[in-house]
Amino acid sequence: MQCDGGVRRYGLIISVLFLIACVVYLLVIQCTGIETEVMRDRFWKNAEPLSNGDFPMLEYPPFSMVFIAIPRIFADTPFGYNIAYVAEVLVFTVIGLWLTSKLADVYGYSSKRAMLLYAVLMLLMFEFVVDRIDIFPAVITLAAVYLFSTNKTSLAFAFLAIGTMTKLYPALLFPVMFLYLIFNRRYSDVLKGSVAFIGTGVVIAAVVCLIDPSIITNFMGYHEDRPLQIESVAASVVYFISALGFTDVWIQPFGSEGSFGSDNLRGPLPDAVSDVLMPIMIVSIVALYALYFVIRRKGIEDNGMRILGLAILASLMLFMVANKVFSSQYLIWAICPVVFLMISGQDGLFERRVLNLMILTIILTQVNFAYNIGYLGGGESINTLGMAILLVRNAVAVYLTGIVIWEMCSYLSPGFHPGTRMLSYLRGQSGE
């Protein structure tokens, strides 16, 4: 009981730190007159017509409207709405902290350490956490993983569907969790989970279609037509190809017609690359699922939760690095999977390496935000140094993705890591 009380006090202290950070953030906004994205672009401008019964075109799936609409109930001015939105974010962030502690209990991991990891990563991404929508699907997905870990399969897949209908990426977890159940011979859970996932999604979609069917079609069309976002891996590579004189590019600034709410790299080559990235990303993720299938088919010695964590993190990272959009806030999606990997891998050497790379990726993302957006002002002002920062950030993210997939490959030959195979080969070539 004393230990439980210590964990609760630890969680309370971190929650208070989150609260203080939120208050300081709001005071800075008020004192400097900064217009946040919540006030300026994506949320207030959508919440206002929602309060009048009109449904605007959203870039997010339909359940996101719930989180956009709730703060409007408590405020009728942009800044008041921002306060209510940050309060909503705070509630979800604390729920995520509690879920992290409970998940650690399931695997016999230190609850305090798990909460600390969660808190540090969230605070490193703080301005994106409180000024974007991504914390909501991230915590909902964390709830799905916790429920899945405690064998509450139907609820887990229902939460996964809710997360998917809030922001599409949680759907990436469905095949991995589905295959986990198959290979653990939990066939009744496969059926119940599939019904819960599809059923929950259909119910939400049906309700939305009764209100206005165009909400769903508009969302799909919005992302299909997006150009190559400036932060994407491909954009940072194409930019330097252009710097060598092989092609011409230009930066389409945020807010211009057809910008889709982001700075974009435009020109013949980036536009052509943008058209092919979607199928490349899909093929890459399907190949990852195939790798996971082969690994599980060969059999593994443990209960399969570590390889599940690796597959979840790898699928999310592939979705980011192979996409035509890699917005800074996307890294919020990976925070809970990284913490879950630390928990399921019991804080091993590889897990700590992943954590360090994740922290480095976030720090470089913040440097990008401070220089390209804060100092230069974004858009056409972004210069070669700014793009170099993005190139380094993206290189670290790609490397992180690669080592996670490489670690998955180690399960193909139990007890024989692929890195060992490569080292042996190199030594043989050198005659050692």
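Counting starts from 1 at the beginning of each chain's written sequence and moves along it residue by residue. In keeping with the model being predicted, local features are shown solely for residues with a pLDDT of at least 70 and side-chain atom pairs are shown and tallied solely at 80 or more, while totals for entire chains, interfaces and linings include all residues. The side-chain figures draw on all heavy atoms in the structure; neither hydrogens nor water molecules are used.

**What to know about the overall build of the protein chain**
The numbering of helices and of strands both runs from the N terminus, where a helix is a DSSP run of H or I of at least 4 residues and a strand a run of E of at least 2. Helices and strands together make up the secondary structure of the protein chain, namely 19 helices and 3 strands. Expected size for 432 residues packed as a compact globule is a radius of gyration near 22 Å; at 22 Å, the protein chain falls within 12% of this value. For the protein chain, the C-alpha atoms occupy an extent of roughly 65 × 60 × 45 Å along the three principal directions. Residues counted as buried form 56% of the 432 residues belonging to the protein chain. In the protein chain, of all internal contacts separated by at least 6 residues, the share reaching a separation of at least 24 is 72%. Residue burial considers only the protein chains on display, and all accessible areas are found by Shrake-Rupley using a 1.4 Å probe. Carbon and sulfur atoms provide 67% of the accessible area of the protein chain, an area that totals close to 18,700 Å². In this charge count, Lys and Arg are treated as positive and Asp and Glu as negative; neither His nor the chain ends contribute. To locate a charge, the coordinates of NZ of Lys, CZ of Arg, CG of Asp or CD of Glu are taken. Looking at charge distribution, the protein chain has the averaged site of its 27 positive side-chain charges lying 13 Å from that of its 30 negative ones. For the radius of gyration, the atoms used are the C-alpha atoms, and the globule rule reads 2.2 Å times the number of residues raised to 0.38. Each residue's exposure class comes from its accessible area (1.4 Å probe, protein chains only) as a fraction of the maximum for that residue type: buried when under 20%, exposed when over 50%, partly exposed otherwise. Contacts between residues were defined by any pair of non-hydrogen atoms, one from each residue, lying within 4.5 Å.

**Here's the deal with a nonpolar patch on the surface**
A grouping of Leu-12, Ile-13, Val-16, Leu-17, Ile-20, Val-24, Val-28 and Ile-34 is seen on the molecular surface, where their side chains present a nonpolar patch of about 700 Å² in accessible area. Tracing the backbone shows Leu-17 in helix 1 (residues 2-32). For patches, a residue must show more than 30% relative accessible area and have no salt bridge; joins then use 9 Å for like charges and 5 Å for nonpolar side chains, namely Val, Leu, Ile, Met, Phe, Trp and Tyr. Basic side-chain nitrogens of Lys or Arg form a salt bridge, by our definition, when they fall within 4 Å of a carboxyl oxygen of Asp or Glu.

**Quick look at the confidence of the model for the protein chain**
Mean pLDDT over the protein chain: 89, with 90% of residues reaching 70 or higher. A score between 0 and 100, pLDDT records how confident the predictor is in each residue. Considering only residues more than four positions removed or in separate chains, one finds that residues 418-432, a stretch of pLDDT under 50, has 7 contacts.

**Notes on the packing of aromatic side chains**
Only rings of Phe, Tyr and Trp enter the pairing, Trp through its six-membered ring, and a pair is recorded when the two centres are within 6.5 Å. The plane angle decides the type: under 30 degrees is stacked, over 60 is edge-to-face, the rest tilted. Going through the model one piece at a time under the given rule, you end up with 24 aromatic pairs. Measuring from ring centre to ring centre gives 6.0 Å for Tyr-25 and Phe-126, while their planes differ by 85°; the resulting arrangement is edge-to-face. Taken as a pair, Tyr-25 in helix 1 and Phe-126 in helix 7 (residues 126-131) lie far apart in primary sequence, 101 residues in all. Under the relative-accessibility criterion, Tyr-25 is labelled buried at 14%. On the basis of relative accessibility, which here comes to 15%, the residue Phe-126 falls in the buried class. Put simply, the rings of Phe-43, Trp-44, Tyr-60, Phe-63, Phe-67, Tyr-81, Tyr-85, Phe-92 and Phe-136 pair up and form one aromatic cluster. When the ring centre of Phe-326 is taken as reference, the NZ or CZ atom of Arg-393 above it lies at 4.1 Å. Should the NZ of a Lys or the CZ of an Arg lie within 6 Å of a ring centre and within 35 degrees of the ring normal, that charge is described as sitting over the ring.

**Topic: the side chain of Gln-366**
Inspection of the secondary structure puts Gln-366 in helix 17 (residues 349-375). Residue classification places Gln-366 among the buried positions, given a relative accessible area of 18%. In protein, a polar contact requires one atom able to donate a hydrogen and another able to accept it; more generally it is a pair of N or O atoms within 3.5 Å, and residues adjacent in sequence count only if both atoms are side-chain atoms. In this structure the side chain of Gln-366 is engaged in a polar contact, spanning 2.5 Å, whose partner is the backbone oxygen of Leu-124. Excluding residues within four positions of it along the chain, Gln-366 makes contact with Leu-124, Met-125, Phe-126, Glu-127 and Phe-128.

**Topic: the packing of helix 15 (residues 305-321) against helix 18 (residues 384-409)**
Contact geometry of helix 15 with helix 18 gives a least axis separation of 9 Å together with a crossing angle of 145°. By crossing handedness, the relation of helix 15 to helix 18 is classed as left-handed. Residues Arg-306, Ile-307, Leu-310, Ala-311, Leu-313, Ala-314, Met-317, Leu-318 and Val-321 of helix 15 form the contact with helix 18, whose participating residues are Ala-397, Val-398, Leu-400, Thr-401, Val-404, Ile-405, Glu-407 and Met-408. For this classification, Asp, Glu, Lys and Arg are treated as charged, while Ala, Val, Leu, Ile, Met, Phe, Trp, Tyr, Cys and Pro are nonpolar and the rest, including Gly, are polar. By residue class, the composition of the contact of helix 15 with helix 18 is 14 nonpolar, 1 polar and 2 charged. Geometry is summarised by axes, namely lines fitted to C-alpha atoms with helices restricted to the contacting stretch, and by angles between N-to-C directions that run from 0 to 180 degrees. For any helix crossing, the convention is left-handed if the near helix is rotated counterclockwise from the far helix by under a right angle, and right-handed if that rotation is clockwise.

**Section: the packing of helix 6 (residues 111-124) against helix 17**
Viewed as axis vectors pointing N to C, helix 6 and helix 17 meet at an angle of 20°, and their least axial separation amounts to 10 Å. Considered as vectors, helix 6 and helix 17 are oriented roughly parallel to each other. Like other packed secondary-structure pairs, helix 6 and helix 17 cross with a definite hand, here left-handed. Where helix 6 abuts helix 17, its residues Leu-117, Leu-121 and Leu-124 lie against Leu-355, Met-358, Ile-359, Ile-362 and Gln-366. Residue classes in the contact of helix 6 with helix 17 are distributed as 7 nonpolar, 1 polar and no charged. When describing relative orientation, an angle under 35 degrees is termed roughly parallel and one over 145 degrees roughly antiparallel, while 65 to 115 degrees is termed roughly perpendicular and anything else oblique.

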